[in-house]
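# Architecture at a glance
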Amino acid sequence: MKTIIHIFVLLALVLTTKANTPKHEVRAVWLTTIGGIDWPHSYSTPTQQRELISILDQLQQAGINTVLIQTRVRATTIFPTTTEPWDGCITGHPGKSPGYDPLQFCINECHRRGMECHAWIVTIPVGKWNGTGCKQLRQKYPSLIRKIGDEGYMDPEKPQTGDYLAQFCAEVTRNYDVDGIHLDYIRYPETWKLKVSRPQGRQYITDIVRKINRAVKGLKPWIKLSCSPIGKYDDLTRYKSSGWNANTTVCQDAQGWLRDGLMDALFPMMYFQGNNFFPFAVDWLEHSYGRMVAPGLAVYMMHPREKNWNLDVITREMNVLRQLGLGCTFFRSKFFTDNTKGIYDFTRDFNIVPALVPPMTWASKQAPSAVNHLQMKRGMINDMISWQKATDYSGADYLLYNVYASETLPVDVNNPKNLIATRQRELSITVPHKGRTLYYAVTAMNRYGMEGEAASIPSTIAPNGSKPYDFRELIMGNKLKKYKSTKK
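Report follows, based on the coordinates. Quick caveat, the model's predicted, so the values are computed rather than measured.

## Quick word on the overall build of the protein chain
- Regarding its fold elements, the protein chain presents 14 helices and 19 strands.
- Here the protein chain holds 488 residues, and 58% of them are scored as buried.
- Counted over contacts in the protein chain with a minimum sequence separation of 6, partners at least 24 positions apart contribute 72%.

What follows is the structure in structure tokens.
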């Protein structure tokens, strides 16, 4: 009880203060492809790619570090596979290949910007009954798909559903360098007439999650497995969920999945405000079991065609989540990058300091070694820093590198303000110095997010190796020396 009281006192304080920026924080966005609603609207490959690059540039500039890209749409995909047909958002024609791999393109561009890319898999719904994806799936597995209204759904009570989804997720994991598999709608449809008990229903859904976990982690244990549960886990003592919650209504035991190690992260769809938001956010925190939780925020609700929420509804939620040590996720990408009621501008300021995704400390304990032979060459405009790769002890496929810079020594790698480049795979970087004397540090980071010890070096070393050299002397010459002497 004391914990609850303490947290609500904390919330009251946070409502009027801006939280400090942490070094580790999930800052995510759902990039929806169904109907092309967040995806580029051009069907020309070069234009489509340019538009996607523009979207990712905007996300990077707002401090986003995790992109959840809708990969399996409705038994249709945005990547080439013999399992399911192409979604129509890519070419305008369901089943038609665009001649390139949009998922691979998105992964490459996210990684180039130091952002994680997670494959968002819509699980149980398979679209309109006579739609391309549903129709093809029904032909292959006639007893696996249930019809509700004019929509088709995979039957969660049949073991084949878990087998199929596990194989699908394994294919994505095996063939793509995704940082996460993100499961959507991993629950009973709200229109499903449940004929089994709630505990039995939860067991059916959990069995599917367990199969997917084994398939993904058996291939690449560093990949984050996550889902987007209903925003309220269940009724609380003082606050009710109004009949719409994850655990009881749709048999989605998301907190149990964290507890039992079946999930690494949750992105709860908390599209509410006030007492429908804050108490339930605290509940997710108290049952996070050391894993990542980044609640989804309804930026779309600010649009006049939706609920016309004020900006401060979302910004207040962002501040509270940061103070609680939780991340946040925007739904959806286009409402965010369109700067609905100024949310993009606010977030650029809110995320002015970069952040790394929290490390998976429950999955990996040993960090990489320090980098070797860190060197710097001073140029007229840039500092050129290079190093040799560190040693990885995690068994993953490659290491990433984070670069820090400061005008003072030692370079504090715990201060996110000093973080100038994240998740680099290259062993060098060029930094514009603007005439300043900078000092640098580089850390190696494995795929679990575990960061090794920093290797440091001053940006400029005098010929005798004694002290930093003021580069302004190359520009101002004797004038600077005379200026310095008058200041003594």
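## Describing the nonpolar core
- Membership of the largest hydrophobic core comes to 124 residues, with the highest contact counts inside it found for L59, V172, I181, L183, I212, W257 and F330.
- Among the elements that line this core, the one with the most residues is helix α6 (residues 159-175), at seven residues.
- Sequence-distant contacts of L183, defined by excluding residues within four places in its chain, comprise I121, T123, C169, I212, L225, S226, C227, S228 and M263.
- Ranked by size, the runner-up nonpolar core spans 19 residues in total, among them M376, I385, A390 and I457.

## Describing the sheet that holds strand β1 (residues 27-31)
- The sheet built from nine strands is open, its strands ordered β10-β9-β8-β7-β3-β2-β1-β12-β11 with parallel pairing. Two strands bound the open sheet, and with one partner strand each, they are β10 (292-293) and β11 (296-297).
- As paired strands, β1 and strand β2 (residues 66-72) are joined by four bridges and run parallel to one another. Paired with A28 across the strands is T66, a residue of β2.

## Points about the environment of A363
- Relative to the helices and strands, A363 resides in the loop between α12 (343-350) and β13 (372-378).
- The spatial distance from the C-alpha of A363 to the C-alpha of D264 is 9.0 Å, given a sequence separation of 99 residues.

## Looking at the sheet that holds strand β5 (residues 145-148)
- Across the sheet, three strands lie side by side as β4-β6-β5; this open sheet has antiparallel pairing. In the strand order of this sheet, the two ends are held by β4 (125-128) and β5, each with one partner. In this sheet, adjacent strand axes meet at a mean angle of 25° when their direction is disregarded.
- Where β5 meets strand β6 (residues 151-154), four bridges bridge the pair, whose relative direction is antiparallel. Each bridged residue has a counterpart across the sheet, and for I148 the counterpart in β6 is E151.
- Sheet contacts for helix α5 (residues 132-140): β4, β5 and β6; angle to β4, the most-contacted strand, approximately 115°.

## Let's talk about the side chain of Q424
- Position of Q424 among the secondary structure elements: in strand β16 (residues 419-424).
- Residue classification places Q424 among the buried residues on the basis of a relative accessible area of 14%.
- A distance of 3.3 Å separates the side chain of Q424 from the backbone oxygen of S428, its partner in a polar contact.
- Q424 has contacts with W387, L399, L400, Y401 and I429, leaving out every residue within four places of it along the chain.

## Quick look at the packing of aromatic side chains
- For the structure shown, the criterion picks out 16 aromatic pairs.
- Ring centres of Y100 and F105 lie 6.2 Å apart, and the angle between their planes is 90°; this geometry places the pair in the edge-to-face category. Here the two residues Y100 and F105 agree in accessibility, since each one is buried.
- Look at Y271 and F331: their rings are 5.4 Å apart centre to centre, the planes differ by 20°, and that puts the pair in the stacked class. One end of the pair, Y271, is in the loop between β9 (265-266) and α9 (278-286); the other, F331, is in the loop between β12 (328-330) and α11 (333-337), with 60 residues separating them in the sequence. No difference in accessibility class separates Y271 from F331, as the two residues are buried.
- Among the aromatic side chains, those forming a connected cluster through ring pairs are W30, Y271, Y300, F331 and F335.
- Its end group placed over the ring of F350, R322 keeps NZ or CZ at 3.7 Å from the ring centre.
- The lysine or arginine in question, R425, covers the ring of Y398, its NZ or CZ lying 3.4 Å from the ring centre.

## Section: the pattern of salt bridges
- Per the stated rule, a full pass over the model turns up 24 salt bridges.
- One salt bridge in this structure joins K217 and D264, with 2.6 Å as the shortest N-O distance. Residue K217 is located in helix α7 (residues 198-219), and its partner D264 is located in the loop between α8 (254-259) and β9; the two are separated by 47 residues in the primary sequence.
- A salt bridge links D338 to K334; its shortest N-O distance comes to 2.7 Å.
- Of the residues examined, D338 reaches a relative accessible area of 46% and is grouped as partly exposed.
- One continuous salt-bridge network, built from bridges that share partners, spans E116, D177, D179, K224, D397, R423 and R447.

## Section: the packing of helix α2 (residues 45-61) against helix α4 (residues 102-112)
- Running from N to C, α2 and α4 point in directions that differ by 35°, and their axes come no closer than 10 Å. As for how α2 packs across α4, the hand of that crossing is right-handed. For the pair formed by α2 and α4, the contact residues are Q49, L52, I53 and L56 on the first element and F105, C106, E109 and C110 on the second.
- Here the contact of α2 with α4 is built from residues that sort into six nonpolar, one polar and one charged.

How each quantity is defined
Residues numbered from 1 in each chain as written. Predicted model: local features only at pLDDT ≥ 70, side-chain atom pairs only at ≥ 80, totals over all residues. Heavy atoms only, no water. Helix = DSSP H or I, 4+ residues; strand = E, 2+ residues; numbered from the N terminus. Buried < 20%, exposed > 50% of the residue type's maximum accessible area, 1.4 Å probe, protein only. Contact = heavy atoms within 4.5 Å. Core = buried A, V, L, I, M, F, W, Y, C linked by side-chain atoms within 4.5 Å. Pairing = 2+ DSSP bridges. Axes fitted to C-alpha atoms, helices over the stretch in contact; angles between N-to-C directions. Polar contact = N/O pair within 3.5 Å; in protein donor to acceptor, adjacent residues only side chain to side chain. Phe/Tyr/Trp six-rings, centres within 6.5 Å; stacked < 30°, edge-to-face > 60°. Lys NZ or Arg CZ within 6 Å of the ring centre and 35° of its normal. Salt bridge = Lys/Arg side-chain N within 4 Å of Asp/Glu carboxyl O. Left-handed = near helix turned anticlockwise from the far one by under 90°. Nonpolar A, V, L, I, M, F, W, Y, C, P; charged D, E, K, R; others polar.

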